[in-house]
Amino acid sequence: DLSFNKISIIMKKHFETNLRLRFLSLNNNKISVLENYCFSLLSLLVSVDLSHNYIKKISWDLFHTNANSFNVLILSNNQINIFDTKRRNLDTLDLS
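Here we summarise the structure given alongside this text. Given the structure is predicted, the values throughout are model-derived calculations rather than measurements. Sequence order as written defines residue numbering, which begins from 1 separately in each chain. Predicted model: local features are reported for residues with pLDDT of at least 70 only, side-chain atom pairs are reported and counted for 80 or more only, and whole-chain, interface and lining totals are derived from all residues. Excluding hydrogens and water, the side-chain values take into account all heavy atoms of the structure.

## Some remarks on the overall build of the chain
Thought 1: Helix and strand assignments follow DSSP, with helices taken as H or I runs no shorter than four residues and strands as E runs no shorter than two, numbered in order from the N terminus. Within the chain, the regular secondary structure consists of 0 helices and 8 strands.
Thought 2: Residue contacts are counted whenever heavy atoms from the two residues lie within 4.5 Å of one another. A fraction of 52% describes how many contacts in the chain between residues 6 or more apart in sequence connect residues 24 or more apart.
Thought 3: For the accessible areas, the method is Shrake-Rupley and the probe is 1.4 Å, while residue cover comes only from the protein chains on display. About 5700 Å² of surface is accessible on the chain, with carbon and sulfur atoms providing 47% of the total.

In structure tokens:
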């Protein structure tokens, strides 16, 4: 759980030693930059909570992963104005 910190940038290298993560909580930070493929190493990923940040753009390239179980994406309370939805079947997508 990385919630309620002052994280502003998420990069792929941040997860190189945490490949077994299944649930990732990054809510209530200051995230405005998400590097392409930043979650791609997380093959067991199920859920990502990026709510309450400063994200303006979301691309599925961020989640380019072999994680067939990835099905929950929470993006509420951001500043999203570009949302690339070229793929992905999610059980839960929260953009409120």
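## Some points on the side chain of Ser40
Thought 1: Within the secondary structure, Ser40 sits in the loop between strand S3 (33-34) and strand S4 (47-49).
Thought 2: Burial classification: accessible surface area is computed with a 1.4 Å probe over protein chains only, and a residue below 20% of its type maximum counts as buried, one above 50% as exposed, and the rest as partly exposed. Classification of Ser40 by relative accessible area gives buried; the value is 18%.
Thought 3: Counting of polar contacts relies on pairs of N or O atoms within 3.5 Å, with two restrictions inside protein: one atom must be capable of donating a hydrogen and the other of accepting it, and residues adjacent in sequence are counted only when both atoms are side-chain atoms. Among the polar contacts made by the side chain of Ser40, one reaches the main-chain carbonyl oxygen of Tyr37 at a distance of 2.8 Å.

## Here's the deal with the side chain of Asn29
Thought 1: Among the secondary structure elements, Asn29 is positioned in the loop between strand S2 (23-25) and S3.
Thought 2: Among the polar contacts made by the side chain of Asn29, one reaches the main-chain amide nitrogen of Asn5 at a distance of 3.0 Å.
Thought 3: Polar contacts involving the side chain of Asn29 include one to the main-chain amide nitrogen of Lys6, which spans 3.4 Å.
Thought 4: With near-sequence residues (within four places) excluded, Asn29 lies in contact with Leu2, Ser3, Phe4, Asn5, Lys6, Ile7, His52, Asn53 and Tyr54.

## Some remarks on the sheet that holds S4
Two strands in a sheet stick together by hydrogen bonds in their backbones, pointing the same way (parallel) or opposite ways (antiparallel).
Thought 1: When DSSP locates at least two bridges between a pair of strands, those strands are taken to pair. In spatial order, the strands read S2-S4-S6-S8; together these 4 strands make up an open sheet with parallel pairing. A single partner strand is all that each edge strand has here, and the edge strands are S2 and strand S8 (92-94). Taking the axes of each pair of neighbouring strands and ignoring which way they run, one obtains an average angle of 5° across the sheet.
Thought 2: The sheet contact formed by S2 and S4 spans 3 bridges and is parallel. The residue bridging Ser25 from the neighbouring strand is Asp49, located in S4. Geometry is summarised by axes, namely lines fitted to C-alpha atoms with helices restricted to the contacting stretch, and by angles between N-to-C directions that run from 0 to 180 degrees.

## Overview of unusual backbone geometry
Thought 1: Notably, Asn28 is not glycine yet its phi reads approximately 55°, a positive angle.
Thought 2: Here Asn28 shows up in the loop between S2 and S3.
Thought 3: For Asn28, a relative accessible area of 25% puts it in the partly exposed group.
Thought 4: Although it is not a glycine, Asn77 sits at a positive phi angle of roughly 55°.
Thought 5: Following the sequence through the fold, Asn77 ends up in the loop between strand S6 (72-74) and strand S7 (82-83).
Thought 6: Note on Asn77: relative accessible area 42%, which makes it partly exposed.

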